[in-house]
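So you can see what is in the structure, the chains are spelled out below.
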Amino acid sequence: MNMNRLHYLKMTSAGALLSALNQQAFSDEESDSDSDTGIDFTYEDIKDHLAVIEASVKGRKSSACGFILMMDDQPYLITNQHSILGMDRLKFVSPAGRSIKPRKIELSTTSDIARLALSEGDGLRANSDPAMGDAVAVFGNNGEGGAKHEIHGKINGVGADIIEVTAEFDEENSGAPVLNKNREVIAMASYTRDSRGHIMKKGTRFEGRTRRFCHRLHHVKWQPVNWKKFNATFGMAYQESRLMIDDMVQVLNSWADGPLDTVRFDGRPDKTLADWIETHNEIVSQAVDIGRGRREFYAAYSESAEKLVTLCEGQSREMVMLSEQRGLTDFLVDELDSLGATLEHLADVINRYGSSTY
Amino acid sequence: MKHCSILTVLLSLTLAALPASAAKKKSKKEKEDSALKKRLAEEKEVKAEFTYGFNEVDQSIVIVSCTSDRGRSSGSGFIANMDGKTYLFTNQHVILGADKIRFKTASGRTLKPRGVELAATRDIARLPLKPMDNALTISSTPTMDGPIAVFGNSEGGGVATELYGKVTSIGSDKIEVSADFVSGNSGSPILNLDQEVIGIASYVKWKTNKKDKTEIHRFCYRLTDERWGTVNWKKYNDDYGNEYRETEELIESLADIISTWFMKPSNRIEADSHPIHGIRMWSRDHNAMVNKIEGMLDQGSCTQDELDRINRKIRNDLISSADDLSKVCTDRARTLRLFTSKQKGMTGFLKSEFDGFAERLDKIAGGIDAYSNNYLVKFNYFHFK
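Keep in mind it's a predicted model, so treat the numbers as computed, not measured. (Residues numbered from 1 in each chain as written. Chains lettered and ligands numbered in written order. Predicted model: local features only at pLDDT ≥ 70, side-chain atom pairs only at ≥ 80, totals over all residues. Heavy atoms only, no water.)

> Now, about the packing of aromatic side chains: what can you tell me, with residues and values included?
Enumeration according to the criterion identifies 32 aromatic pairs over all chains in this entry. A centroid spacing of 6.2 Å and a plane angle of 75 degrees characterise the contact between B:F89 and B:W228, whose relative ring orientation is edge-to-face. On the criterion of sequence distance, the pair formed by B:F89 in strand 3 (residues 85-90) and B:W228 in strand 15 (residues 228-231) is long-range, its members being 139 residues apart. Since its relative accessible area comes to 0%, B:F89 is described here as buried. Relative to B:Y371, the ring of B:W261 lies with its centre 5.4 Å away and its plane at 70 degrees, an arrangement referred to as edge-to-face. Here B:Y371 lies in helix 8 (residues 348-374) and B:W261 lies in helix 5 (residues 233-261), a separation of 110 residues in the sequence. In this pair, the class of B:W261 matches that of B:Y371, namely buried. One aromatic cluster is present, formed by B:W261, B:F262, B:W282, B:Y371, B:Y375, B:F379, B:Y381 and B:F382 through successive ring pairs. A:R115 extends its terminal NZ or CZ atom over the ring of A:Y76, reaching a point 4.1 Å from the ring centre. (Phe/Tyr/Trp six-rings, centres within 6.5 Å; stacked < 30°, edge-to-face > 60°. Helix = DSSP H or I, 4+ residues; strand = E, 2+ residues; numbered from the N terminus. Buried < 20%, exposed > 50% of the residue type's maximum accessible area, 1.4 Å probe, protein only. Lys NZ or Arg CZ within 6 Å of the ring centre and 35° of its normal.)

Below, the structure is given as structure tokens:
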């Protein structure tokens, strides 16, 4: 087919969902020339300033990275908001296992950064002037989460609030410090994003690429919060939606093997979803393709899909309503809205897929 | 855009379900990897010719972030001097339809432009700024095969990236370059070796030939020899921005709809709550019809005559659904043409955009008609087992 199309280059923000889907990552183009980066220190040299965030939510353990930074001569533990929000259990320790007890929590109003004031101790120094091409190293903890210890790379993107690096850190490294060759923190490893497929990216560095972004720490507006209250009102619901999205994507990936296949789930889904999986599998195990039973089967099948849709839509509505409440940071307003939108997308996908078997 | 990402998800899910011929894929991937390596090596060579890099111009590179009811979008821009004044340059299509626009340099400075001027025929907007030391210079003379650098917000990642390439062709109002700019780079400056702007990254065009090879062309408007007109941006955007985005969305949704429907005439369409009235109404009617057809599934046994009669009825319903959808397209195309013919204040760029939309809508209508005339007229829903 001969096609001739025109596409403008305006970019619409990609759904958070995309990063949850397994895309083949293309190893970075500059990694081959990274052997001499000018970084002459190692994990051992800075590990005293690293922190491990051990958390669990609904019986699921997680581990994230953090580090101690001197800001206005005060030590702060810096990490991502998403690593501490809505957790049932939260513990901060040094890589050596020493417990860290923060005094209070402040949140960035605009990005996924939290800082926790410490009573004493020393920390890393910050540098607010990253330059394109500078060598960097990202240092993760040695907790159970499987974060990489030491990853070298370069800065390959500079923005007002974030930078991009070639150092191939994973999601588990989120919250880890990004240091320059002078051992100064220039940013915090925050998230990865898989390039969305598009014909215009064919054959370019953006095809099937995983990009890695880090928040800069200068110019951050900090909002002190009453943590207990803030977390109960917003944190819990936020984390619940994130888990639900992960679980739904897992369910969908398994379900996508075939509309009439049994849905499998690794790990423990929450009760509602566990019940759904059980009922749904029972329905597909009784699939009938002929005669009167066929119609009854499809009615039960589509009702099953509908249940999952209702679940996503309900949670989506809750997120949108919550995002309109007072006392939220702008960052969390955006997060809740985008979680709501992702859940709505999922509802749409399930809806389509659930009716595709007819 | 929303529908677009749903499609992507669906696609990824389908792909996950088909782990077929992994070995074949691998060799293809290896080939692609080595092609990319070669491309990046060439880029490195071009980069080596430059005596400056992004760090020298970071204060002039702008990241544009827009929000509207439809969600967020982003693009690029740059600060340059023209006619003795300092302006922020970006594409018209980057800012059209946005309720709120934020301009921030890659170095962190928030910019507050004092108005909007639009190019008469090209997709460029220039927004007056206070005079600045770091403004770039504009050149009117691109060199064929000359090395170029593109710094901008690739993929809307929120950071400026560095891309290098060469000028591959020169036209009176635009140039073509080989640097791999992508979505989000719209509005990026195309810089020559002397740190002068010779164009603005604007659009990508592609063609898939019979051998399934894709040819991609990247175009940049030139900035000189153009007429500029000041507009009341709020009014201009109210008058046209929404219409522009809505039509764009309509065309995307139609592409989604026909890709689902053409797979199987009795497929349901998930657009019952689509924001665009025509699509919503059609989707509801269509799905009601599909439900009715499925309701006939358990009618028991019948004679050949009865079967033919039912099939004829279903066929007619499907054909009339196709007619309705085709009419949604042609009606919109007609309204658009009427709309543009009456508007005097629209720039040449926007007018040609709307004309292009109308043309595409007519083409989609043609596709639906062909589906109906070539396929649906012969379609039998029920068969004897």
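And the narrative resumes.
> Give me the lowdown on the nonpolar core, citing residues and values where you can.
Counting 62 residues, the largest nonpolar core has B:W261 and B:L350 as its most contacted members. Of all the secondary-structure elements, those providing two or more residues to this core are strand 1 (61-68), helix 4 (92-95), strand 6 (116-119), strand 7 (125-128), helix 5, helix 6 (277-295), helix 7 (304-342) and helix 8 of chain B. Taken together, domain 2 (54-225) and domain 3 (232-378) of chain B each give at least three residues to this core, which thus spans both. Sequence-distant contacts of B:L350, that is, excluding residues within four places in its chain, are made with B:L96, B:Y236, B:Y240 and B:Y244. In this structure, A:F92, A:I105, A:F230 and A:I350 belong to the second largest nonpolar core, which totals 55 residues. (Core = buried A, V, L, I, M, F, W, Y, C linked by side-chain atoms within 4.5 Å. Domains from an automatic or database assignment. Contact = heavy atoms within 4.5 Å.)

> Just give me the short version of the pairing of strand 16 (residues 210-215) of chain A, but keep the residues and values in it.
Residue and element names in this part refer to chain A. With respect to burial, strand 16 is a largely interior element, 6 of its 6 residues being buried. Alternating positions in strand 16 separate into two faces, T210, R212 and C214 on one and R211, F213 and H215 on the other, with burial throughout. Pairing of strand 13 (residues 162-165) with strand 16, which is carried by 4 bridges, proceeds in the antiparallel orientation. Bridge assignment links V165 to a residue of strand 16, and that residue is R212. In this sheet, strand 16 lies alongside strand 15 (residues 184-194) in antiparallel orientation, the contact comprising 6 bridges. Bridged to M188 within strand 16 is H215. (Pairing = 2+ DSSP bridges.)

> Quick rundown of the pairing of strand 4 (residues 60-71) of chain A? Include the residues and the values.
Residue and element names in this part refer to chain A. Burial runs high along strand 4: 9 of the 12 residues are buried. In terms of strand pairing, strand 3 (residues 50-57) meets strand 4 through 8 bridges, oriented antiparallel. Within strand 4, the residue paired with I53 across the bridge is A64. The antiparallel hairpin formed by strand 3 and strand 4 contains 2 residues in its connecting segment, where K58 sits at a positive phi of about 50 degrees. Both strand 4 and strand 5 (residues 74-79) contribute to a ladder of 5 bridges, which runs antiparallel. In the sheet register, M70 faces strand 5, and the bridge partner there is P75. Counted along the chain from strand 4 to the antiparallel partner strand 5, the turn is 2 residues long, and its residue D72 has a positive phi close to 50 degrees.

All quantities given are derived from atomic positions and should not be read as evidence of function.
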